[in-house]
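Coordinate analysis (summary)
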Amino acid sequence: MNKNSTKTSTLSSARLSVAPMMDWTDRHCRFLHRQLSRHALLYTEMVTAPALVRGGAMHLLDHHEVEHPVALQLGGSDPVELAQAARLGAQAGYDEINLNCGCPSDRVQSGTFGAVLMRDAGVVADCVAAMRTVVDVPVTVKCRIGVDEQDPETVLPEFLARIVAAGCERVTIHARKAWLQGLSPKENRDIPPLDYDLVMRMKGLFPNLHISINGGVETLDQALDLLESGLDGVMIGRAAYHQPTDILAQADRRVFGAGEDSSAEGAVYAMLPYIEAHLSAGGRLHQITRHMLGLFAGRLGARGWRRTLSEGATQPGAGPELVLAALARVTPLEEPAKAV
């Protein structure tokens, strides 16, 4: 795929994306989400550039062709190393390379990347420029509105100006500050107040920059409202993981204007051959089904579905028959939607 066609596909799919989430958005999770939406942009968990370049952990780039459009999120702060990692990601077939400037965990801070990079827009700009020189796919950034005692009204415009000048044409802004000291990563997802208005103002200041908003979005209706307000895209995190059907099953029709609604049942049946292949390769059922627990959130029988999978998927020999047994606990809809 050439650069222009890749850029177009990720620009379109970025109207709705599923956030990169450590320990959650692995390749099995992304395969599941793709059964619910053909168009939403999916992201890997953050992969550190040193793990690829120094550690040779190429298995971290594994993904299924069905996952496209899919973006690789990298963590790092060394332009040379990030360029090498970006090249490896592009060679592995990812449609986009994203730089993490938003994660506030202690482990990330000790590696001098993540949200701590909000303190040095020049370094981020150098990283973006270095990656852009070696890949033909879009290089994007995910950031916060600021960290610690920074004034977002001042810091965020300066940060965006620097990365735009370096060639970044798309950014996702988590509309909260990150407090690097005093708050845990979990608290950083909830306690700092959201400032959607600030993100909206950034769209006014940078009209040619594709801006997606992240943070606090819990429903597809809320995402659509944000899109209608003038933002280019919405990234949803925990809600898309815990209630994937609620977020993704109607997304192709309502957000992208293409395709029919999908269903949780359709996704389950679509996962069965994938599960068989994973087990045949030596994998365990729970590695996949742990991502499927929220498929029927809010449905009658959802508790039985979760319990059956949670209790049985780690047992030796567990396979597709357990998934079908769990599905039998769910009360069918009168007119289930079709699978995509």
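Here, the structure is the one placed above.
The model shown is predicted, which means the values in this text are computed figures rather than measured ones.

Reading the values: the criteria
Residues numbered from 1 in each chain as written. Predicted model: local features only at pLDDT ≥ 70, side-chain atom pairs only at ≥ 80, totals over all residues. Heavy atoms only, no water. Axes fitted to C-alpha atoms, helices over the stretch in contact; angles between N-to-C directions. Helix = DSSP H or I, 4+ residues; strand = E, 2+ residues; numbered from the N terminus. Parallel < 35°, antiparallel > 145°, perpendicular 65-115°, else oblique. Left-handed = near helix turned anticlockwise from the far one by under 90°. Contact = heavy atoms within 4.5 Å. Nonpolar A, V, L, I, M, F, W, Y, C, P; charged D, E, K, R; others polar. Buried < 20%, exposed > 50% of the residue type's maximum accessible area, 1.4 Å probe, protein only. Pairing = 2+ DSSP bridges. Right-handed = clockwise from strand over helix to strand, strands pointing away. Phe/Tyr/Trp six-rings, centres within 6.5 Å; stacked < 30°, edge-to-face > 60°. Expected span 1.5 Å × (residues − 1).

1. Some details on the packing of helix α2 (residues 27-36) against helix α14 (residues 264-280)
It is the contact of α2 with α14, at a shortest axis distance of 9 Å, that shows an interaxial angle of 150°. In this view, α2 runs roughly antiparallel relative to α14, as classed from their interaxial angle. When the axes of α2 and α14 are compared, the crossing they make is right-handed. The segment α2 lies against α14, with R27, H28, F31, L32, Q35 and L36 engaging A267, A270, M271, Y274 and H278. A per-class count over the contact of α2 with α14 returns seven nonpolar, three polar and one charged.

2. Some points on the packing of α14 against helix α17 (residues 320-327)
Viewed as axis vectors pointing N to C, α14 and α17 meet at an angle of 160°, and their least axial separation amounts to 9 Å. Between α14 and α17, the angle falls in the class roughly antiparallel. Taken as a pair, α14 and α17 cross one another with a handedness that is right-handed. On the side of α14, the interface is formed by E265, V268, Y269, L272, I275, E276 and L279, while α17 contributes P320, V323, L324 and L327. Taken together, the residues of the contact of α14 with α17 break down into nine nonpolar, no polar and two charged.

3. Focus on the pairing of strand β8 (residues 210-214)
With respect to burial, β8 is a largely interior element, five of its five residues being buried. Both faces of β8 are covered, namely the face carrying H210, S212 and N214 and the face carrying I211 and I213. Sheet topology places β8 next to strand β9 (residues 233-236); three bridges connect them, and they run parallel. The residue of β9 that forms the bridge with N214 is M235. Following the chain from β8 across helix α10 (residues 220-228) to the adjacent parallel β9, one finds a crossover that is right-handed.

4. Remarks on the packing of aromatic side chains
Evaluation of the coordinates by the stated rule reveals three aromatic pairs. Aromatic pair F31 and Y274: ring centres 3.8 Å apart, planes at 15°, arrangement stacked. Highlighted residues: F31 in helix α2 and Y274 in helix α14, separated in sequence by 243 residues. Y274 shares its class with F31; the two are buried.

5. Some thoughts on helix α7 (residues 152-165)
The end-to-end C-alpha separation of α7 is 19 Å, in line with the 20 Å expected for 14 residues at 1.5 Å each. Residues of α7 that are buried include every one of P152, V155, L156, P157, F159, L160 and I163, and no others. In this structure, the buried side of α7 is in contact with β5 (96-101), α6 (121-134), β6 (139-144), β7 (170-174) and α9 (196-205). Count one or two residues on from α7 and you reach G167, which has phi positive near 110°.

6. Let's talk about unusual backbone geometry
The omega angle of the peptide bond from H68 to P69 is 0°, so this bond is cis rather than trans. Topologically, P69 is positioned in the loop between α3 (49-53) and β4 (70-75). For D148, which is not glycine, the phi torsion reads 50° and is therefore positive. For D148, the location among the structural elements is in the loop between β6 and α7. Using a relative accessible area of 13% as the deciding quantity, one classes D148 as buried.

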